[in-house]
Amino acid sequence: MRWIVKLKLCFFEKRAVKESYVKMVVLILVAGITLHFNWSDDLVGMNCKSSCSEGDVLSCSQNGAEVITKSSVREIGKPIKRKGFLTIGIPTVQRVFKNKTVSYLVETLNSLFTGISEEDLADVLIVIFLADTEEAPREEVKSVLRSKFMKYLDMNLIHVIAAPSSFYPQLEGLTQTLKDSPERMYWRSKQSMDYAFIFHYCQGLSQYYLHLEDDVTAEPNYMRQIRDFVARQGDAKWDVLTFSGWGFIGKLFQDKDLRKFARYITMFYNEMPVDWLLYLYSELQAGQSILGDKEHKGDSELFHHIGHQSSSLGT
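Definitions and limits used
One numbering rule holds for all chains: residues counted from 1, following each sequence as written. Whole-chain, interface and lining totals are the exception, using all residues; otherwise, since this is a predicted model, local features are given only for residues with pLDDT of at least 70 and side-chain atom pairs are given and counted only at 80 or more. Water and hydrogen atoms play no part in the side-chain values, which are based on all heavy atoms of the structure. The numbering of helices and of strands both runs from the N terminus, where a helix is a DSSP run of H or I of at least 4 residues and a strand a run of E of at least 2. Here's how the labels work: a residue is buried when its accessible area is under 20% of the maximum for its type, exposed when over 50%, partly exposed in between, all with a 1.4 Å probe on protein chains only. Contacts are assigned to residue pairs that have any heavy atoms within 4.5 Å of one another. Here, Shrake-Rupley sampling with a 1.4 Å probe gives the accessible areas, and only protein chains in the shown set may cover a residue. A 3.5 Å cut-off defines polar contacts: any pair of N or O atoms within that distance qualifies, except that in protein one atom must be a possible hydrogen donor and the other a possible acceptor, and neighbouring residues in sequence count only when both atoms are side-chain atoms. In this analysis, the expected span of each helix is defined as 1.5 Å times one less than the number of residues it contains. Picture the helix axis, draw a direction to every C-beta atom, and the arc is the one those directions span. Pairing between strands requires that DSSP locate at least two bridges from one strand to the other. Fitting a line to C-alpha atoms yields each axis, with helices limited to the stretch in contact; the angle taken between N-to-C directions then spans 0 to 180 degrees. Salt-bridge detection follows one rule: a side-chain nitrogen of Lys or Arg within 4 Å of a carboxyl oxygen of Asp or Glu.

For the protein, an unreviewed UniProt entry supplies the name MGAT4 conserved region domain-containing protein and the organism Porites lobata.

Here you go:
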């Protein structure tokens, strides 16, 4: 498989200048064949064995010896009793620069809960992934959630999860790609695996999965517009719907595709940023950009980026 990655990188390194049509076609064909023969939606291909129910299996450890279950990684929340319409995934990490810590998570959650109807409230689940490797910032987020959003915790509308270290592959000492520094390589490779983890957890919880970040705000009628836009697709096949032009913000997936996309990210986690992987995935699956006719074109974007302090180290 390495030769496929090298071929892919050869093309993507030159993407900023301009790729030729022929190169893109070859890339799509090669990676498309790889997708067809190596990835599937089910649990086939996992090396670990488990006696727990299939619905509770999240993934397995890198050495294949440990089964990672959804129950074991859920720090706040209870198993859901029915499959709702939408799960919203929000990875969160402490943002520190020049000894100053900045958090936008409360503002993000307030915007998601403000003005939402009772009908929609009963049909949504928010999953917050504590992506910090240190315990202190994870505990701080849980404390804030209990202080500001206890009502929604009691209603089981918020799940809080954290990944065991055994889930992650090598993150340090990686071969540099795209001329990124070792620090940048670590940050974007971990971010890719963080996203894969939350996709694995959210699979099976609802009909659709919406990916946000912890520094965005939502339009008050976002749920209604998402429902309407999904309904307008009718029987047309689609892989990703986009409700924001920012990176990975506001991207909607069908539940059946989450595990496959997570496995795709895991295979290429250290080769390129995760939003590039998303773009390539959409090209492979649909033969068109996610910013084509599957983009929501309302009066404005449904989700707005508000963060000024990046989660990337030192920026």
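Next comes the rest of the account.
Visitor: I'm lost on the overall build of the protein in this one. Help?
Guide: A tally of helices and strands in the protein yields 11 helices and 13 strands. Expressed as a percentage of the 315 residues in the protein, the buried residues total 52%. Here the analysis covers contacts within the protein between residues at least 6 apart in sequence; of these, 75% occur between residues at least 24 apart. Of the roughly 15200 Å² of accessible surface on the protein, 52% is carried by carbon and sulfur atoms.

Visitor: I keep staring at the side chain of Thr-92 and nothing clicks. Help me out?
Guide: Inspection of the secondary structure assignment puts Thr-92 in strand β4 (residues 84-92). For Thr-92, the side chain forms a polar contact with the side chain of Asp-214, separated by 2.8 Å. Not counting residues within four places of it along the chain, the set of residues in contact with Thr-92 comprises Leu-105, Ile-128, Phe-129, Leu-130, Ala-131, Asp-132, Val-141 and Asp-214.

Visitor: Would you mind going over the environment of Tyr-209 with me for this structure?
Guide: For Tyr-209, the position within the fold is in strand β9 (residues 206-211). Residue classification places Tyr-209 among the buried positions, given a relative accessible area of 1%. Spatially, the C-alpha atom of Tyr-209 lies 5.1 Å from that of Phe-253, the residues being 44 residues apart in sequence. For Tyr-209, the residues in contact, after removing those within four places along its chain, are Leu-86, Thr-87, Ile-88, Gly-89, Ile-198, Phe-199, Cys-202, Lys-251, Leu-252, Phe-253 and Leu-258. A polar contact is formed between the side chain of Tyr-209 and the side chain of His-211, at a distance of 2.8 Å.

Visitor: So what exactly am I meant to see when it comes to helix α6 (residues 135-148) here?
Guide: Quick reminder: α-helices carry 3.6 residues per turn. Residues three or four places apart thus point the same way. Taking 1.5 Å per residue, 14 residues should reach 20 Å; α6 reaches 20 Å between its end C-alpha atoms and fits that length. Of the residues making up α6, those classed as buried are Pro-137, Arg-138, Val-141, Lys-142 and Leu-145. Summarising the axial view, the buried residues of α6 lie within an arc of 140 degrees, below the 170-degree limit, and thus occupy one face. Those residues of α6 that are exposed and aimed more than 90 degrees away from the buried face are Ala-136 and Ser-147. Where the residues of α6 are buried, they touch β3 (74-76), β4, α4 (105-113), β7 (124-130), α7 (150-154) and β8 (158-161).

Visitor: Sorry if this is basic, but what is going on with the environment of Val-160 here?
Guide: As for its placement among the helices and strands, Val-160 is situated in strand β8. Distance in space between the C-alpha atoms of Val-160 and Leu-145 is 9.4 Å, their sequence separation being 15 residues.

Visitor: How do you make sense of the sheet that holds strand β11 (residues 240-242) when you look at a structure like this?
Guide: What holds strands together in a sheet is hydrogen bonding between their backbones, with the strands either parallel or antiparallel. Read from one edge to the other, the open sheet built from seven strands follows the order β3-β8-β7-β4-β9-β12-β11, with strand pairing classed as mixed. Every other strand in the sheet has two partners, leaving β3 and β11 as the edge strands with one partner each. Averaged over all pairs of adjacent strands, the angle between strand axes in this sheet comes to 30 degrees, irrespective of strand direction. Relative to β8, β7 runs parallel, the two sharing four bridges. For Phe-129, the partnering residue across the bridge sits in β8 and is Ile-161. Contacts from α4 reach β4, β7 and β8, with the element oriented near 170 degrees to β4.

Visitor: So what exactly am I meant to see when it comes to helix α10 (residues 258-267) here?
Guide: In terms of residue burial, α10 counts as a mostly covered element, since seven of its 10 residues are buried. Here α10 has its buried residues at Leu-258, Arg-259, Lys-260, Phe-261, Ala-262, Tyr-264 and Ile-265.

Visitor: Even after reading the chapter, I still don't get the pattern of salt bridges, so can you show me in this structure?
Guide: Side chains that differ in charge, positive against negative, can pair when their charged atoms come close. Under the defined criterion, the tally for this structure stands at 14 salt bridges. In this structure, the salt-bridge partner of Lys-142 is Glu-75, at a minimum N-O distance of 2.6 Å. Of this pair, Lys-142 sits in helix α6 while Glu-75 sits in strand β3, and the two are 67 residues apart along the sequence. We classify Lys-142 as buried; its relative accessible area is 7%. According to the relative accessible area criterion, Glu-75 is partly exposed, its value standing at 36%. A salt bridge links Asp-123 to Arg-227, with the nearest nitrogen and oxygen atoms 3.1 Å apart. Of this pair, Asp-123 sits in the loop between α5 (118-121) and β7 while Arg-227 sits in helix α9 (residues 222-232); the two residues are 104 residues apart in sequence, bridging distant segments of the chain.

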